[in-house]
Amino acid sequence: MPSSISETLFSEPSGRPISLVHAAGALIFAGLYLYGWVVDGSPVTWLLVMVIGTGMAGIAEALPASRRQTAGVLRSVAILVFLCLVVASVVAPEFIVG
């Protein structure tokens, strides 16, 4: 009996609407990163982590339905990236706050 996590993680990609939401989120985070770099002169590094995580999730959802395992691996890596950001905010809050 497969677990519900495995069923969710390795399910068929959702398709275009969800992948566009993830892509828009990645572009917004990238824009905020560039804004901080241009205006403040010091880019906020945690925004790059958000760009990477949302970008990977968007790529996973944009894959064809036959690529379930690849989508699951990309989703797992995106979750791992976000968890690393959470751990970094607890261990080294100056990474988030600046």
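In case you missed it, the structure is sitting above this.
Quick caveat: nothing in here was measured; it's all calculated off a predicted structure. (Residues numbered from 1 in each chain as written. Predicted model: local features only at pLDDT ≥ 70, side-chain atom pairs only at ≥ 80, totals over all residues. Heavy atoms only, no water.)

Asks: Hey, could you run me through the side chain of Thr54 in this one?
Replies: Checked against the element boundaries, Thr54 lands in helix α3 (residues 45-62). Residue class for Thr54 comes out buried when judged on its relative accessible area of 11%. Among the polar contacts made by the side chain of Thr54, one reaches the main-chain carbonyl oxygen of Met50 at a distance of 2.8 Å. A polar atom in the side chain of Thr54 sits 3.4 Å from the backbone oxygen of Val51. Once you skip the residues sitting within four places of it in the chain, Thr54 turns out to touch His22, Gly25, Ala26, Phe29 and Phe82. (Helix = DSSP H or I, 4+ residues; strand = E, 2+ residues; numbered from the N terminus. Buried < 20%, exposed > 50% of the residue type's maximum accessible area, 1.4 Å probe, protein only. Polar contact = N/O pair within 3.5 Å; in protein donor to acceptor, adjacent residues only side chain to side chain. Contact = heavy atoms within 4.5 Å.)

Asks: Sorry, what's going on with the packing of helix α2 (residues 16-40) against α3 here?
Replies: Each pair of packed helices can be described by the angle between their axes along with the distance between the axes. In the contact formed by α2 and α3, the axes pass within 8 Å of each other and the chain directions differ by 160°. Classified by the interaxial angle, the pair formed by α2 and α3 is roughly antiparallel. Helix-helix and strand crossings are classified by hand; for α2 and α3 the assignment is left-handed. Residues Ile18, Ser19, His22, Gly25, Ala26, Phe29, Ala30, Leu32 and Tyr33 of α2 pack against Leu47, Leu48, Met50, Val51, Thr54, Gly55, Ala57, Gly58, Glu61 and Ala62 of α3. (Axes fitted to C-alpha atoms, helices over the stretch in contact; angles between N-to-C directions. Parallel < 35°, antiparallel > 145°, perpendicular 65-115°, else oblique. Left-handed = near helix turned anticlockwise from the far one by under 90°.)

Asks: Is there a simple way to think about the side chain of Ser19 in this case?
Replies: Topologically, Ser19 is positioned in helix α2. Overall, the relative accessible area of 9% leaves Ser19 in the buried class. Setting aside anything within four residues of it in sequence, one finds Ser19 in contact with Gly58, Glu61 and Ala62.

Asks: Teacher, can you tell me more about the nonpolar core here?
Replies: The nonpolar side chains of a soluble globular protein tend to be buried, and buried together. Within the largest apolar cluster, 7 residues are counted, these being Phe29, Tyr33, Leu47, Val49, Met50, Val81 and Leu85. Broken down by secondary-structure element, the contributors of at least two residues to this core are α2, α3 and α4 (68-91). Element by element, the count of residues in this core is highest for α3, at 3 residues. The contact partners of Leu85, leaving out residues within four places of it in the chain, are Trp46, Val49, Met50, Phe95 and Ile96. (Core = buried A, V, L, I, M, F, W, Y, C linked by side-chain atoms within 4.5 Å.)

These results come straight from atomic positions and should not be treated as a statement about function.
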